[in-house]
Amino acid sequence: MEGLELLASLVRIASVNPPGDGEGEVADLLREPLDAAGLDTEVLVSPQGRPSLIARLDGPTDRPPLVLLSHSDVVPVEEDRWTHDPFGGEVHDGQLWGRGSLDMKSVAVLHTQAAVALATGGATPEREVLVVLVADEEAGGAEGAEWLVDHHPVRVGFRDTAPPPEVLGEGGFGLAGVLDRPLMPIVVGEKSPLWLRASATGDAGHGSLPPADQAIAGLVRFITAVSGPRPARLHPVMRDQFAALAGVATGTQRRAFQLLAGPAGAAAVRVLAPRIRATSAVLGHLLADTVTPTQVRAGYKHNVVPGSAEVTFDARLLPDTDVDALLSWLSDVGERHGVTVAAEQRWSSPVSPRGDLFDLLTDVSAALPDGPLPVASLTPGVTDLRFFRRRGATAYGWVPLVLTPEQVATFHGADERVPVEQFERASTAMTDAVHRAATRPGT
Ligand SMILES: [Zn+2]
């Protein structure tokens, strides 16, 4: 089956998570070409019954395996907002429409094509190559990547006989139409969620005789005091990115990037961050931690002043944030408003070093049509790569599809679609990258 046809068939399987029904069907369909090319394939099923596909192409087991990571599930759709059937897999105007056409069934197909080409092309891999298609990414990965890395580490490339694997996954799509030259981010790390709960207590009473100490009023003052971006600062990866951008931008943009990459960058970013956020939310939110209220609960009757109120926050932190310092700042502010703050869950994952696989991706990116500028980047969202990074893998978010901001906006939104021409270019680039990564000697 040709790549585009395979992608269309995968899109037609509505593997919406929750509940993730259809993940097994996606795995089975992708398994066929991998089996046919001679890879060893298996489907591992989590305790909750969620299937993940692993396909292995043999190679020396004393080198870090190369893992190509994607996921089989998709997010739900609001069908009436779509121009074409979200599960139709139809091609209109040179684009393949449907949920998962970008996130991330297209990438699963690119990985599969690359592995099949390697297996059938007569090359000798210098390392094992694993195609891993996991369940449950869109609901946090506990039944997919996290479960595999924790319970079947050897199957996903963590061997005692070799250094931890090198992993390619999602997070970095090419971006056209923002600067004169398209950008091709290679994502080396991501912001981490910190989930908080804050509660206020006060005097309960009647609405006609309001008490002086009110839980809701205190909580609202606290929310106002802490919500929003924290002071902007430059993570070293972002400083390098601005230096690279300064090389290709023109006019005032170029001067701004030069300023940010230069010795006054720390001061400049605080001045420029609001403007950058207004222009590009993704870039803007990579310049600061954010603290965002997501749920508020208080009260039960119109004329009763409740004695307690609470709020949850989804804070997103840069990889080098001092979490304890942030928590102590939140507690101090809370104390002033009669609010107690508790961290409920925190995750973190290291930033991957830039080694020779990074250099190889840089080469392949720059050789794409229109010569995109490869830049190291972070991503504001979390991906399954964090589970691999946490266990010591070097992991890069790299997908050589070059999209416009309008197309990027369809991720998790309506009218998700992939331009056929881009998909085909990406296929060539992914196949090239995987071939070179798998056959290069050394580490
Ligand atoms: Zn995804």
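Keep in mind that what you see is a predicted model, and the values were worked out from it rather than measured.

Rules behind the numbers
- Residues numbered from 1 in each chain as written.
- Predicted model: local features only at pLDDT ≥ 70, side-chain atom pairs only at ≥ 80, totals over all residues.
- Heavy atoms only, no water.
- Salt bridge = Lys/Arg side-chain N within 4 Å of Asp/Glu carboxyl O.
- Helix = DSSP H or I, 4+ residues; strand = E, 2+ residues; numbered from the N terminus.
- Buried < 20%, exposed > 50% of the residue type's maximum accessible area, 1.4 Å probe, protein only.
- Pairing = 2+ DSSP bridges.
- Contact = heavy atoms within 4.5 Å.
- Axes fitted to C-alpha atoms, helices over the stretch in contact; angles between N-to-C directions.
- 1 Å grid on protein atoms, 1.4 Å probe; cavity = no way out; pocket = protein on both sides within 12 Å on 5 of 7 lines; lining within 4 Å.
- Points joined across faces, edges and corners; volume = space filled by probe spheres on them.
- Nonpolar A, V, L, I, M, F, W, Y, C, P; charged D, E, K, R; others polar.
- Donors = N, O, S within 2.8 Å, 3.2 Å for Na, K, Ca; no water.
- Tetrahedral: all angles 85-135°; square planar, octahedral: opposite > 155°, others 65-115°.
- Domains from an automatic or database assignment.
- Buried area = accessible area lost by both parts, 1.4 Å probe.
- Parallel < 35°, antiparallel > 145°, perpendicular 65-115°, else oblique.
- Left-handed = near helix turned anticlockwise from the far one by under 90°.

Focus: the pattern of salt bridges
Consideration 1: Under the definition given, this model contains 29 salt bridges.
Consideration 2: A salt bridge links R50 to E23; the shortest N-O distance between them is 2.7 Å. Of this pair, R50 sits in the loop between β1 (40-45) and β2 (51-57) while E23 is found in helix α2 (residues 23-36), placing the two residues 27 residues apart along the sequence. For the residue pair R50 and E23, the accessibility class agrees, reading buried in each case.

Notes on the sheet that holds strand β4 (residues 91-92)
Pairing between the strands of a sheet is mediated by backbone hydrogen bonds and can be parallel or antiparallel.
Consideration 1: Overall, antiparallel pairing links the 3 strands, which are arranged β4-β5-β18 in an open sheet. Sheet topology places β4 and β18 (417-419) at the edges, where each strand pairs with a single neighbour.
Consideration 2: Relative to strand β5 (residues 95-97), β4 is paired through 2 bridges, and the arrangement is antiparallel. When the bridges of β5 are listed, V91 appears paired with L96.
Consideration 3: Set on the sheet, helix α1 (residues 3-11) makes contact with β4, β5 and β18; between it and β5 the angle comes to about 20°.
Consideration 4: Relative to β18, helix α14 (residues 420-439) is tilted by about 70°, and along the sheet it contacts β4, β5 and β18.

Some points on empty space enclosed by the protein
Consideration 1: One pass over the full model with this rule turns up 1 cavity of 30 Å³ or more.
Consideration 2: Of the pockets and cavities examined, the largest cavity occupies roughly 30 Å³.
Consideration 3: As for the largest cavity, its lining consists of L69, S70, H71, M104, E137, G169, E170 and D384.
Consideration 4: For the lining of the largest cavity, the elements supplying multiple residues, two or more each, are β3 (66-71) and β7 (166-175).
Consideration 5: Top contributing element to the lining of the largest cavity by residue count: β3, with 3 residues.
Consideration 6: Here the lining of the largest cavity is built from residues that sort into 2 nonpolar, 3 polar and 3 charged.

Remarks on unusual backbone geometry
Consideration 1: For the peptide bond that leads from N17 to P18, omega is 0°, which places it in the cis range.
Consideration 2: Tracing the backbone through its elements, the reader meets P18 in the loop between α1 and α2.
Consideration 3: A cis amide bond links P18 to the next residue, P19, at an omega of 5°.
Consideration 4: If you trace the backbone, P19 turns up in the loop between α1 and α2.
Consideration 5: Positive phi, close to 65°, is recorded for H412, a residue that is not glycine.
Consideration 6: Look at H412 and you get partly exposed, because its relative accessible area is 44%.

A short note on the coordination of the zinc ion
Consideration 1: Within the first shell, the zinc ion binds the protein through H71 (NE2), D103 (OD), E170 (OE) and E170 (OE), at distances of 1.9 to 2.6 Å.
Consideration 2: Around the zinc ion sit 4 donor atoms; with metal-centred angles ranging over 53 to 153°, the donor geometry is irregular.

Thoughts on the domain arrangement of the protein chain
Consideration 1: Per the domain assignment, the segments making up the protein chain are domain 1 (3-188 + 350-439) and domain 2 (192-346).
Consideration 2: Each of domain 1 and domain 2 has a C-alpha centre, and these two points are 32 Å apart.
Consideration 3: Contacts between the two partners involve 16 residues from domain 1, matched on the other side by 18 residues from domain 2.
Consideration 4: Summed over both partners, the interface of domain 1 with domain 2 comes to about 1,400 Å²; 73% of that surface belongs to carbon and sulfur atoms.

Focus: the layout of surface pockets
Consideration 1: In this structure, the largest pocket occupies an estimated 1,500 Å³ of space.
Consideration 2: S280, V282, L283, P380 and V408 are the residues nearest the centre of the largest pocket, which is lined by 49 residues in total.
Consideration 3: Among the secondary structure elements, those contributing two or more residues to the lining of the largest pocket are β7, β8 (183-190), α6 (236-246), α7 (251-261), α8 (265-279), α9 (281-284), β16 (373-379) and α13 (405-408).
Consideration 4: Ranked by the residues each element gives to the lining of the largest pocket, the list is headed by α7, at 7 residues.
Consideration 5: Of the residues assigned to the lining of the largest pocket, the class counts are 27 nonpolar, 15 polar and 7 charged.
Consideration 6: Built from parts of two domains, the lining of the largest pocket gets at least three residues from each of domain 1 (3-188 + 350-439) and domain 2 (192-346).
Consideration 7: The space that makes up the second largest pocket amounts to roughly 210 Å³.
Consideration 8: Lining the second largest pocket are K191, A281, V282, H285, T290, R316, P380, G381 and V382.
Consideration 9: Across the lining of the second largest pocket, the residue classes break down as 4 nonpolar, 3 polar and 2 charged.
Consideration 10: Taken domain by domain, the makeup of the lining of the second largest pocket includes at least three residues from each of domain 1 (3-188 + 350-439) and domain 2 (192-346).

Things to note about the packing of α1 against α2
Consideration 1: Packing of α1 against α2 leaves a shortest axis separation of 10 Å and a crossing angle of 165°. Classified by the angle between their axes, α1 and α2 sit roughly antiparallel to one another. For α1 against α2, the interelement crossing comes out right-handed. On α2, the residues that touch L6, S9 and L10 of α1 are V26, L29, L30 and P33.
Consideration 2: Among the residues making up the contact of α1 with α2, the classes are represented as 6 nonpolar, 1 polar and no charged.

Some points on the packing of α2 against helix α3 (residues 105-120)
Consideration 1: Running from N to C, α2 and α3 point in directions that differ by 20°, and their axes come no closer than 9 Å. Here α2 lies roughly parallel to α3, going by the angle between them. The handedness of the crossing between α2 and α3 comes out as right-handed. Only K105, A108, T112, A115 and V116 of α3 make contact with α2, whose side of the interface consists of V26, L30, P33 and L34.

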